[in-house]
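A closer look at the structure
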Amino acid sequence: DLTYVGMVGMIDPPREEVKDAVEKCKTAGIKTVMITGDHKITAIAIAKALGILENEDEAITGSELEEMSDEDLIKNVRKYSVYARVAPEHKVRIVKAWQANGEVVAMTGDGVNDAPALKTANIGCAMGMVGTDVAKEAADVILTDDNFATVVSAVEEGRRIYDNILKAIQFLLSSNVGEIIILFLAILLTPILASQFGIPSEYLYLLEPLLPIQILWINLVTDSLPALALAVDPAEKGIMKRKPLKTSKGIFTKGMSYRIIYQGLMIGLLTLAAFCIGLSTNTENPVEKIKIAQTMSFTVLAFSELVHVFNIRNNKESIFKTGIFNNSKLILAIVVSAVLMLVILLVPALRNIFDIAILPTDKLLETILLVFSPILIVEIFKLLKINGKE
């Protein structure tokens, strides 16, 4: 004899930020898959609300999965975005099916029954707040806030770090290639340079563009500080609109190798040009002439590398579009390196140690133009879209 008064419905709604995170995954080339013990209808409704699923044919139950062989699952796993009413062993099968397709799989979970799948996945992410100790032990990463959006933020941060590692490598290698080229060319061209600029044969042993102490200074100070600052460079625009890299893809792609070679050649030739301009100084003293040429090549090499670091920050966009001053640590590193160089060039005691001459005023304009030439050259390469493709 009860009278029906009403009905109470309960819902565990997804977090608001999850929908945006799923959308970011789509643009980043990451497929989001829901594996749940809930009823299929419930799972489909939530998946549609989050943008994980569009067509109900993309959902499958554990019982249907049970009837499917491993071969069929591997073949059709890309079709499904939602798995409902699944058992722990089903989760492992799903992870292995994706891996069999050559994909990197990240798995989230909190319960004891999630542990096998967390262990099998390439990246196991356990929940730090509600996750069991077993799940945490099996996982590679523990989410302290139990938020799926944090996983997506971690992907973005990982891409930024990877990009910055490549920037540092490209900067250091292109700079070192430039140093190798200038030394190699100077050795080959020594007789030609001597005859062209009136250097007597008894002074040929002095005809080198850089002294060992100068090379050591550039490698230890001028190169290292900006390279370290590149590690904290902000993420490029559209970083989450790029497709994931293949696991088989190495660091030295064709584009990377091409940029290192042509930019190293650029720095080397600019330094050689500075050396030749220095040798053309109007003085009868060959030792003084060589010393001025070495000072010019040392100055151009050091400061052109500091200028060139801005080119490295984005291999496609102009530096005037990406922002020059949005990495304060890089600006600080460049300023410190530049000040240290100026101290060496201007303080008499240090000039003697580094065997540096005072540059004639008529050579200052050429020096400044050569120092800023890397910006112009690389900007032209970017404009013509010949800066190297990945």
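Everything here concerns the structure above.
Here's a quick rundown of the structure. Here the residue numbering is sequential within each chain, running from 1 through the sequence in written order. Per-residue local features of the predicted model are confined to residues with pLDDT of at least 70, and side-chain atom pairs are confined, for both listing and counting, to 80 or more; whole-chain, interface and lining totals are unaffected and use all residues. With hydrogens and water excluded, all non-hydrogen atoms of the structure serve as input to the side-chain values.

1. A closer look at the overall build of the protein chain
Note on conventions: DSSP H or I runs of at least 4 residues are helices, E runs of at least 2 residues are strands, and numbering of each starts at the N terminus. Helices and strands together make up the secondary structure of the protein chain, namely 17 helices and six strands. Only C-alpha atoms enter the radius of gyration; for comparison, a globular chain is expected to reach 2.2 Å times N to the power 0.38, where N is the number of residues. Against the compact-globule benchmark of 21 Å for 390 residues, the protein chain has a radius of gyration of 30 Å, which places it well outside the compact range. For the protein chain, the spread of C-alpha atoms along the principal axes amounts to about 120 × 45 × 40 Å. Accessibility here uses a 1.4 Å probe with only protein chains present; expressed as a share of the type maximum, an area under 20% marks a residue as buried, one over 50% as exposed, and anything in between as partly exposed. Across the 390 residues of the protein chain, 45% fall into the buried class. Considering only contacts within the protein chain whose residues lie at least 6 apart along the sequence, 69% involve residues at least 24 apart. For the area figures, the Shrake-Rupley method with a 1.4 Å probe applies, and any residue is considered shielded solely by the protein chains shown. Accessible surface for the protein chain amounts to roughly 21,100 Å². Of this, 63% is attributable to carbon and sulfur atoms. We score Asp and Glu as negative and Lys and Arg as positive, and we do not count His or the chain ends. Here the site of a charge means NZ on Lys, CZ on Arg, CG on Asp, or CD on Glu. One finds the centroid of the 38 positive side-chain charges in the protein chain at a distance of 5 Å from the centroid of its 44 negative side-chain charges. In what follows, residue pairs with any heavy atoms lying within 4.5 Å of each other are defined as contacts.

2. Brief notes about a nonpolar patch on the surface
A cluster of nonpolar residues, Tyr258, Leu376, Ile380, Leu383, Leu384 and Ile386, forms a patch on the protein surface that exposes about 600 Å² of accessible area. Considering every element that reaches the nonpolar patch, the biggest residue donor is helix α17 (residues 364–383), with three residues. Positionally, Leu383 belongs in helix α17. Residues qualify for a patch when their relative accessible area is over 30% and they have no salt bridge, like charges being joined within 9 Å and the nonpolar side chains of Val, Leu, Ile, Met, Phe, Trp and Tyr within 5 Å. Only one rule defines a salt bridge in this text: a Lys or Arg side-chain nitrogen within 4 Å of an Asp or Glu carboxyl oxygen.

3. A look at the nonpolar core
Residues Trp217, Phe298, Phe303, Val309 and Met341 are the most contacted members of the largest nonpolar core, which totals 44 residues. Going through the elements one at a time, α8 (148–188), α10 (212–222), α11 (224–229), α12 (254–279), α13 (286–312), α15 (328–346) and α17 are the ones with two or more residues in this core. Looking at this core, the element that brings in the most residues is α13, giving twelve residues. In this structure Trp217 touches Thr222, Phe298, Leu340, Met341, Ile344 and Phe354, once residues within four positions along its chain are discounted. Here the nonpolar core consists of buried residues drawn from Ala, Val, Leu, Ile, Met, Phe, Trp, Tyr and Cys, with membership extended through side-chain atoms lying within 4.5 Å. Formed by 23 residues, the second largest nonpolar core is a distinct cluster that contains Val86, Ile94, Val105 and Ala115.

4. Considerations on the sheet that holds strand β3 (residues 82–84)
Hydrogen bonds between backbone groups are what pair the strands of a sheet, and the pairing can be parallel or antiparallel. Whether two strands pair depends on DSSP finding at least two bridges between them. Strand order across the open sheet formed by three strands is β1-β3-β2, with parallel pairing between neighbours. This sheet does not close on itself; its edge strands, each paired only once, are β1 (34–35) and β2 (59–61). As judged from the three bridges shared by β2 and β3, these two strands associate in the parallel manner. If you follow Thr61 over to β3, its bridge partner there is Ala84.

5. Re the packing of α8 against α12
The axes used here are C-alpha line fits, helices contributing only the stretch in contact, and every angle between their N-to-C directions lies in the interval 0 to 180 degrees. Relative orientation of the contacting elements α8 and α12 amounts to 45 degrees, with a least axis distance of 7 Å. The orientation of α8 relative to α12 falls into the category oblique. Relative to α12, the crossing made by α8 is right-handed. Across the interface between the two elements, Leu166, Ile169, Gln170, Leu173, Ser174, Ser175, Val177, Gly178, Ile181, Ile182 and Leu185 from α8 touch Met256, Arg259, Ile260, Gln263, Gly264, Leu265, Ile267, Gly268, Leu269, Thr271 and Leu272 from α12. Any angle between 65 and 115 degrees counts as roughly perpendicular, while under 35 counts as roughly parallel, over 145 as roughly antiparallel, and the rest as oblique. Take the far helix as the reference: if the near one is turned anticlockwise from it by less than a right angle, the crossing is left-handed, and if turned clockwise, right-handed.

6. Structural notes on the packing of aromatic side chains
A pair of aromatic rings is counted whenever rings of Phe, Tyr or Trp (Trp by its six-membered ring) have centres within 6.5 Å, and the orientation is called stacked for planes under 30 degrees apart, edge-to-face for over 60 and tilted otherwise. According to the stated counting rule, one finds four aromatic pairs in the structure shown. Here Tyr80 and Tyr83 contribute two aromatic rings whose centre-to-centre distance is 6.1 Å and whose plane-to-plane angle is 65 degrees, an arrangement assigned as edge-to-face. Using a relative accessible area of 0% as the deciding quantity, one classes Tyr83 as buried. A ring pair is formed by Tyr258 and Tyr262, whose centres lie 5.3 Å apart and whose planes are at 40 degrees; its orientation type is tilted. With Tyr258 and Tyr262 both in helix α12 and four residues apart, the pair spans about one turn of that helix.

7. Some remarks on the side chain of Lys167
Structurally, Lys167 can be placed in helix α8. Its relative accessible area of 4% is what places Lys167 among the buried residues. Once residues lying within four places of it in the same chain are set aside, the contact partners of Lys167 are Leu230, Asp233, Pro234, Glu236, Ile312 and Arg313.

8. What to know about the pattern of salt bridges
Applying the stated criterion across every chain yields a total of ten salt bridges. Asp355 is the salt-bridge partner of Lys291, the closest N and O atoms lying 3.3 Å from each other. One end of the pair, Lys291, is in helix α13; the other, Asp355, is in the loop between α16 (348–354) and α17, with 64 residues separating them in the sequence. According to the relative accessible area criterion, Lys291 is partly exposed, its value standing at 28%. A relative accessible area of 31% means that Asp355 is categorised as partly exposed.

9. Some points on the packing of α10 against α13
Helix packing for two helices is described by the angle between their axes and how far apart those axes are. The interhelical angle for the contact between α10 and α13, taken along N-to-C directions, is 15 degrees, at an axis separation of 11 Å. Here α10 is positioned roughly parallel relative to α13, judged by the angle of their axes. Here the hand of the crossing between α10 and α13 comes out right-handed. Side by side, α10 and α13 meet where Gln214, Trp217, Ile218 and Thr222 of the first sit next to Gln294, Phe298, Leu301, Ala302, Glu305 and Leu306 of the second. For this classification, the nonpolar set comprises Ala, Val, Leu, Ile, Met, Phe, Trp, Tyr, Cys and Pro, the charged set comprises Asp, Glu, Lys and Arg, and every other residue, Gly included, is treated as polar. The residue inventory of the contact of α10 with α13, partitioned by class, reads six nonpolar, three polar and one charged.

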